[in-house]
Structures are given as C-alpha cells and as structure tokens.
Amino acid sequence: MTGVTCAPGSGDVLLIRAADLERACSMADAIDAVAEGFIALSDGRAHVPVRIHVPLEERGMAASMPASLDGSPYYCVKVVGIAPAAPRAGLPLINATVLLGDAATGAPVALIEGAALTALRTGAAGGVAARTLADPDARCAAIFGAGVQARSQLAALLEVRRVEDVRVVTRDPRHASELVLWARSRHPDLRIRAVDAADSAAAVDGADIVVAATSSATPVFAGRSLAGGAHVTGVGSHRPDMRELDADTLRGARVVVDQRAGALAEAGELAGLAESDVSEIGEVLGGTV
C-alpha cells in the first residue's frame, strides 16, 4: 500500500488508494463484513447518525458521515460529494474521502480513497440483500444504470447468486456497452446485453432480481412489469425529492432498508412511511425480524 506504516499518535497517516483497496478487500469479503456491520447497526453496537449535508450546484450535495463501533480500535468519518456536473467533465458523479481514526486517542490513522470504498460498500450491501432476500434460484437480473455503482452491484450479485442472464438498461448506449464489455471480460459465460431505456418493461419482464443504480429523480421502470416474487435493490435515491422506484414497485412489497432513520429521511420512495412500515436488513440477519 502507498504511504507509511503508522502507529497511533505517531503523526504518520497511511494513504490507501483505490488500487490498494481492491487488492486488500475482495467483494466476497466485503459482503461478509457489511453483513456483520448491518447486524451491529440494528442491535445498537454501531453508531451511525443520519448524515448531514449541504447543497452543491445543480442539486448536488456534500455530506458528512461519522461512525463508530463498540469495541473497535477505530472510528471513521466519510465526506462525500455528489456533483451532477462532474460526469460532463469526465469525473465520477461521486467523490469521497474516508478518515480512519484511533478510537482511544482520536488521532488520524489513515485516509482512504472514498469513492472506491463507497462503491465496494454499496455493492456489498446489494449483495447482502440479494443473498438474504432474493430467490436462491434467481438466474435473471435487470440492472438500470451502467456507472460505478452498477458495476459494483453486478459484481456483488454474481458472488451470491448463479445469475446467467443480465439486461443492462441505460439512456446512453455507450455506457451500457462499456459495462457489458467489462462484465464479459470477467465472466465470459455470462449472457449480458444492453437494453434501451425505452424498453424497460421488456428488461424487467421475468427478471428475478432488479437493481436500480442511477441518478434519476423519476422512476426508471414500471413496477407493474415486475414478476411475482422479484427482488428489487434500489440504490440511487438520496434525496426526498428523488424516486427511482414507483409506487407500484412498493405496493404490497416487503420493504427492507439498511438504516431505518436514514432511509426514511432521505429516500423519496419511502415518503409517508412510518418506522413500523420498514425493516432493517440487520434485523433480518440478526433474526429479530
């Protein structure tokens, strides 16, 4: 890894880049770690307050997220910027930095490239959800979006289910082609194809698992097109005025979230729901739900 090995209080800070993170933690390991984290969050051992944020240009935002875990030698704080103008400049939509600190002294220990860590954690969360909630025999998936989050979600999905057929739905055919080529380079036997956003109903038809990983403020598919028993992972909505999933998708569904307070405060799809209307994935994993 880049940087220097550091001892708490020494003043040295380890720099962990995206490539370092990829070598240090596989998706399979991340899925198991995130599952343990969700249990700790739901049983009160992990302390993760609802993030605070300020507005950026073009309805973007910058947010701060501290967290600690009972008994852990570390704490962390993530600062993330979501900037809609960034992709037009050839930059990622999401940029982030994570500070890892010593829980006893408060001293900084490491700086981690947060965009890669965010993608790994979010993909792993989708993997935990699919492993826990989706049909064990799921073989067909539809993925809306083709960015970093979509890749991470697909990588996690292929770790936990024997998916054979994937439909990638985007407005930009170039982005879909890039994701298809990326997936085929890693899974040559995977049947994966691009589908135009106008054909979203066809992409969802018969899909066992549907992943929405876009920056859209409006629903990306019609819930009435979902197959009975389908599992849906919604990734993109991070503001109360965003609805990546429509009302038909949630109607009659069992709604499971990562963190109850954060999801109800930020996800537009959940507007109007009470705490009793949703369960936390950690509650399911821990056996309390």
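Right above here is the structure, for reference.
Everything quoted here is computed from the prediction, not taken from an experiment.

I keep staring at helix α5 (residues 173-186) and nothing clicks. Help me out?
For an α-helix, the turn length of 3.6 residues means that residues three or four places apart are oriented alike. A rise of 1.5 Å per residue sets the reference length of α5, with its 14 residues, at 20 Å; its end C-alpha atoms lie 20 Å apart and thus fit the reference within 8%. Close packing links the buried residues of α5 with α4 (148-160), β9 (165-170) and β10 (191-196).

Whenever I open this one, the nonpolar core confuses me. Can you help?
Core analysis: the largest hydrophobic core is formed by 37 residues, its most contacted members being Leu154, Val166, Val168, Ile192 and Ile209. Every element with two or more residues in this core is listed here: α2 (27-42), α3 (114-133), β8 (140-144), α4, β9, α5 and β11 (209-212). Ala142, Val169, Val220 and Leu270 belong to the second-largest nonpolar core, a separate cluster that totals 21 residues.

How do you make sense of the pattern of salt bridges when you look at a structure like this?
Opposite charge on two side chains permits them to pair, given that their charged atoms come into close proximity. Scanning all chains against the criterion turns up 15 salt bridges. Residues Glu266 and Arg51 are paired through a salt bridge, measuring 2.9 Å at the closest nitrogen-oxygen approach. With Glu266 in helix α8 (residues 260-266) and Arg51 in the loop between β2 (46-47) and β3 (52-56), this pair connects stretches of sequence that are 215 residues apart. Across the pair Glu178 and Arg174 runs a salt bridge, and its minimum N-O distance is 3.4 Å.

Just to check I follow, could you spell out the packing of α2 against α3 for this structure?
Angle between the axes and distance between the axes are the two parameters that describe a pair of packed helices. Closest axis-to-axis distance for the α2/α3 pair is 8 Å, and the angle between their directions is 75°. Classified by the interaxial angle, the pair formed by α2 and α3 is roughly perpendicular. Contacts from Met27, Ala30, Ile31, Asp32, Val34, Ala35 and Phe38 of α2 reach α3 at Leu120, Arg121, Gly123, Ala124, Ala125, Gly127, Val128 and Arg131. For the contact of α2 with α3, the class distribution of residues is ten nonpolar, two polar and three charged.

Explain α4 to me, please; I cannot follow it from the model alone.
End to end, α4 covers 19 Å across 13 residues, agreeing with the expected 18 Å (1.5 Å per residue, within 8%). Those residues of α4 that sit buried are Gln149, Ala150, Ser152, Gln153, Leu154, Ala156, Leu157, Leu158 and Val160.

For this particular structure, what's the right way to read the pairing of β8?
The side chains of a regular strand alternate, first on one face of the sheet and then on the other. In terms of burial, β8 is a largely internal element, five of the five residues being buried. Residues of β8 alternate between two faces, with Cys140, Ala142 and Phe144 on one and Ala141 and Ile143 on the opposite face, all of them buried. One ladder, built from five bridges, connects β8 with β9; its direction is parallel. Each residue of the ladder has a partner; that of Ala141, found in β9, is Val166. Traced from β8 through α4 to β9, the parallel crossover comes out right-handed.

Can you walk me through the side chain of Thr214 in this structure?
Topologically, Thr214 is positioned in the loop between β11 and β12 (231-234). Each residue touching Thr214, except ones within four places of it in the same chain, is listed here: Phe144, Gly145, Val220, Gly236 and Glu244.

Quick notes on the rules
Per chain, residues are indexed from 1 in the order of the written sequence. Confidence filtering applies because this is a predicted model: local features only for residues at pLDDT of at least 70, side-chain atom pairs given and counted only at 80 or more, and all residues used for totals across whole chains, interfaces and linings. Calculation of side-chain values draws on the structure's entire complement of heavy atoms; hydrogens and water are dropped beforehand. Only DSSP runs of H or I with at least four residues qualify as helices, and only runs of E with at least two residues qualify as strands; both kinds are numbered from the N terminus onward. Helix span is expected to be 1.5 Å times the residue number reduced by one. Residues count as neighbours in contact if any of their non-hydrogen atoms are within 4.5 Å of one another. In plain words, nonpolar cores are sets of buried Ala, Val, Leu, Ile, Met, Phe, Trp, Tyr and Cys residues tied together by side-chain atoms within 4.5 Å. Burial classes follow relative accessibility: with a 1.4 Å probe on protein chains only, a residue under 20% of its type's maximum area counts as buried, one over 50% as exposed, and anything between as partly exposed. Every case where a carboxyl oxygen of Asp or Glu lies within 4 Å of a side-chain nitrogen of Lys or Arg is listed as a salt bridge. An axis is simply a line fitted to the C-alpha atoms; with a helix, the fit covers only the stretch in contact. Between two such axes, the angle follows the N-to-C directions and lies from 0 to 180 degrees. Roughly parallel means an angle under 35 degrees; roughly antiparallel, over 145; roughly perpendicular, 65 to 115; everything else is oblique. Ten residue types, Ala, Val, Leu, Ile, Met, Phe, Trp, Tyr, Cys and Pro, are classed as nonpolar, four, Asp, Glu, Lys and Arg, as charged, and the remainder, Gly among them, as polar. One requirement defines pairing of two strands: DSSP has to find at least two bridges between them. Consider the strands pointing away from the viewer: the crossover is right-handed when the path from the first strand over the helix to the second runs clockwise.

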